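Descriptive structure summary
The residues making up each chain are set out below.
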Amino acid sequence: ERSAEMTEVSECLRQGDQRWRSEILGDSPATTIGQAGCLLICLAEARARLLKAEPDPIGLNTSGRVHRCFSGAGAIVDKLAKCAGLACGPRIAGDLEVMRAVIVQALLASGAVLLHVDHNGKDGGDHWVLGIGLSLARVAYCDPATGKIGHLGLASLSAPSGWRDARVYSVRGLRVLTALH
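Residues numbered from 1 in each chain as written. Predicted model: local features only at pLDDT ≥ 70, side-chain atom pairs only at ≥ 80, totals over all residues. Heavy atoms only, no water.

**Comments concerning the state of the cysteines**
- Considering all chains together, one arrives at one disulfide under this definition.
- Across the disulfide, Cys-12 is cross-linked to Cys-142 (sulfur-sulfur distance 2.3 Å). Linking Cys-12 and Cys-142, the disulfide has an S-S dihedral of approximately -65° and is accordingly described as left-handed. Placement of Cys-12 in the segment before α1 (33-36) and of Cys-142 in strand β6 (residues 138-143) is noted, with a sequence separation of 130 residues between them.
- For Cys-12, a relative accessible area of 9% corresponds to the buried category.
- Classification of Cys-142 as buried rests on a relative accessible area of 3%.
- Sulfur of Cys-38: no disulfide; nearest cysteine sulfur belongs to Cys-42 and is 6.4 Å away. (Disulfide = S-S within 2.5 Å. Helix = DSSP H or I, 4+ residues; strand = E, 2+ residues; numbered from the N terminus. Buried < 20%, exposed > 50% of the residue type's maximum accessible area, 1.4 Å probe, protein only.)

Put into structure tokens, the structure is as follows:
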């Protein structure tokens, strides 16, 4: 049986990493991975963790273009996950208890869940983080904006984001990730 306890990792992939931050995201004429690549970076991180593969955001971005996984800078989540070698479950949103139960079950089963969060409070923004473990009634997540591990309270599924300002992340939807076999 799999344990969802956190493994010691101090950093995660960061969308602002100099290796890929200036790369054009998807089919966008001007938007870069550094500006809006949070989902792409989460999927590259999940691929590395679940498949023990080398993280390759540029390769995933290129594969996503070839397989038409983008509409401008926006991604078709299921298709882009498949390019990463991952299966992506349906979007689950709404009821806090249901989301909490699915997050715990997913982390125990597969070890990764995409968390669609708003920042700055209610529907204040659009961002993805990758849930990677459970620790003391908290959900540990990799934040592609900061490249660091953060924690959401399991009871509220929200917490300060750790950005320089006072942003708060609140989960508004999720997608369970598993390795394709």
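**With respect to helix α5 (residues 96-109)**
- Taking 1.5 Å of rise per residue, the 14 residues of α5 would be expected to cover 20 Å, and the 20 Å separating its terminal C-alpha atoms lies within 8% of that figure.
- All of the buried residues along α5 are Met-99, Val-102, Ile-103, Ala-106 and Leu-107. Buried residues of α5, seen end-on, are gathered within an arc of 125° and therefore sit on one face of the element. For α5, the exposed residues set more than 90 degrees away from the buried face come down to Glu-97, Gln-105 and Ala-109.
- A positive phi of about 90° marks Gly-111, the residue just after α5. (Expected span 1.5 Å × (residues − 1). Arc of directions from axis to C-beta.)

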